[in-house]
Structure formats: C-alpha cells, structure tokens
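The residues making up each chain are set out below.
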Amino acid sequence: RIRTVVLRDFDEGAGTLRFHTDRRSEKVSELARDPRIGVHFYDEAAKVQLRIDGSAAIHCEGIVADAAWIASQRMSRVCYGTDPAPGSVIERADAFHLPNLDPEIAAGREHFSAIVVTISAIEWLWLKSGGHRRAIFRFRNGTESVESQWLAP
C-alpha cells in the first residue's frame, strides 16, 4: 500500500534512503512479509518527480535504530508512545494517549523502527512545458554499476 513517509536520510555512496515508522504499524508487517518497496517524491520547485524502487530492511534494534532514535527530535519521539497502536479503530477522534512526560516518551523507543531502503531503480521525470523528460536508472551492487535509459514521457 502507498503511504506518506518523511525522508530522514539519503546515503548516495551506499545507494540507500531511510525513513522511520512505528513497528506496530501495518507497513512494518507488510515489509516483513515482502521487502519490495516503491516510494514517490515530488519537488514542486524543481518540477521533478522521482519513483524509487528497492528493498526494505527493518531495523528495530541495533546500531541503525539506536542512532536514528537518538537523532530524532523530541516531537517525533512522542509519536512512538501513542496508545493504542497506529491504525487502531478508536471511538472518538481524541480517544488515544499521547505521552508528554520524558519517561513515557523514552518508553516509546520499543515501538520505533528505522526502515532502510536499498535502491534498485530510480525513475526520474522532469515536468517541462516544452516537453517533459523522463529517464530510468537501474543500480547493480549498490551504486557500483548504474544503467540508464531515456524513456518517453
């Protein structure tokens, strides 16, 4: 399923990007079953659309998750302490608990995950009034080997 996520990191050398999510979310269980992922970005100022395909690795524990949690802002950490879990049906719009004390916020770490996507392809589309331009870039062995082709827009 398609979801909106916040890009937290891009490592050009490794050919990866990272976003964060609650490990209780449906997207984590979906990626655990099938790590194939597609993400879409649009830069209005540049008039560029990117569609990125890759494989997702879920990091709930360890160095990657710990470093991502530490680098997160307090307001972002609050979200992982939400009760009930994201996507749960609730009776009213405000029928959930959002932590506001530091110990409750810190306890949300157990729900935090960093998703690292190893990019396999990037489809680039530049929107231009005189004719769009479109290309695809396929990656092999990380960023060591890149194959590119122009595509009809």
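Residues numbered from 1 in each chain as written. Predicted model: local features only at pLDDT ≥ 70, side-chain atom pairs only at ≥ 80, totals over all residues. Heavy atoms only, no water.

### Topic: the nonpolar core
Convention followed: Buried residues of nine kinds, namely Ala, Val, Leu, Ile, Met, Phe, Trp, Tyr and Cys, make up a nonpolar core once their side-chain atoms join them within 4.5 Å. Summary of the burial criterion: residues with accessible area below 20% of their type's maximum are buried, those above 50% are exposed, and those between are partly exposed, where the area comes from a 1.4 Å probe applied to protein chains only. For the purposes of this entry, the term helix denotes a DSSP run of H or I that reaches at least four residues, the term strand denotes a run of E that reaches at least two, and both are numbered from the N terminus. Contacts between residues were defined by any pair of non-hydrogen atoms, one from each residue, lying within 4.5 Å.
Counting 12 residues, the largest nonpolar core is built from Leu17, Phe19, Leu31, Ile37, Val39, Ile52, Ala56, Ile115, Val117, Ile119, Ile122 and Phe139. Listing elements by their share of this core, those giving two or more residues are strand E2 (16-22), strand E3 (36-43), strand E4 (48-59) and strand E5 (112-126). If near-sequence neighbours (up to four positions away) are discounted, Leu17 is found in contact with Leu7, Asp9, Phe10, Val39, Phe41, Ile52, Ile115, Val116, Val117 and Ile119.

### Points about the pairing of strand E6 (residues 133-140)
As a general feature of sheets, a regular strand has side chains that alternate between the two faces. Stated formally: Two strands are said to pair when DSSP picks up at least two bridges between them.
Sheet topology places E5 next to E6; six bridges connect them, and they run antiparallel. Opposite Ala121, over in E6, you have Arg138 as the bridge partner. Between E5 and E6, which pair antiparallel and follow one another directly, the connecting turn spans six residues, one of which, Gly131, has a positive phi of 130°. Looking at chain direction, E6 and strand E7 (residues 145-151) are connected through seven bridges and run antiparallel. Looking across to E7, one finds that Phe137 is bridged to Ser148.

### Describing unusual backbone geometry
The linkage connecting Asp83 with the following residue, Pro84, adopts the cis geometry, with an omega of 5°. If you trace the backbone, Pro84 turns up in the loop between helix H3 (74-78) and helix H4 (102-107). Positive phi, close to 55°, is recorded for Lys47, a residue that is not glycine. Its relative accessible area of 41% is what places Lys47 among the partly exposed residues.

### Focus: helix H1 (residues 26-33)
To keep things clear, this is the line we draw: The directions considered for the arc are those from the helix axis to the C-beta atoms.
Residues Lys27, Val28, Glu30 and Leu31 constitute the buried set of H1. Looking straight down H1, one finds its buried side chains confined to an arc of 165°; they lie on one side. More than 90 degrees from the buried face of H1, the exposed residues found are Ala32 and Arg33. For H1, the elements touching its buried residues are E2, E3, E4 and E5.

### Thoughts on the confidence of the model for the chain
This is how it is decided: Per residue, pLDDT captures the predictor's confidence, and it can take any value from 0 to 100.
Confidence in the prediction for the chain averages 94 pLDDT; 99% of positions are at 70 or higher. Looking over the chain, one finds the lowest element-wise mean pLDDT in E3, namely 93, and the highest in helix H2 (residues 62-71), namely 98.

### Brief notes about the environment of Phe19
One can find Phe19 in strand E2. Owing to a relative accessible area of 3%, Phe19 belongs among the buried residues under this scheme. Along the backbone, Phe19 and Ala114 are 95 residues apart, and their C-alpha atoms lie at a distance of 5.9 Å. Aside from chain neighbours lying at most four places away, what touches Phe19 is Val5, Val6, Arg8, Lys27, Ile37, Ser113, Ala114, Ile115 and Val117.

### Let's talk about the environment of Ala85
Its place among the elements puts Ala85 in the loop between H3 and H4. With relative accessibility at 22%, the residue Ala85 sits in the partly exposed group. When the C-alpha positions of Ala85 and Arg23 are compared, they lie 9.3 Å apart, and in sequence the two are 62 residues distant.

### A look at the pattern of salt bridges
In plain terms, the rule: What makes a salt bridge here is a side-chain nitrogen of Lys or Arg within 4 Å of a carboxyl oxygen of Asp or Glu, nothing more.
Tallied over the entire structure, the rule returns 11 salt bridges. A salt bridge links Arg18 to Asp9, with the nearest nitrogen and oxygen atoms 3.8 Å apart. One salt bridge connects Arg109 with Asp66, and the closest N-O pair in it is separated by 2.7 Å. Note that Arg109 is positioned in the loop between H4 and E5 and Asp66 in helix H2, a separation of 43 residues in sequence. Here Asp66 falls in the partly exposed class, since its relative accessible area comes to 36%. The network of salt bridges with shared partners includes Arg51, Glu123 and Arg134.

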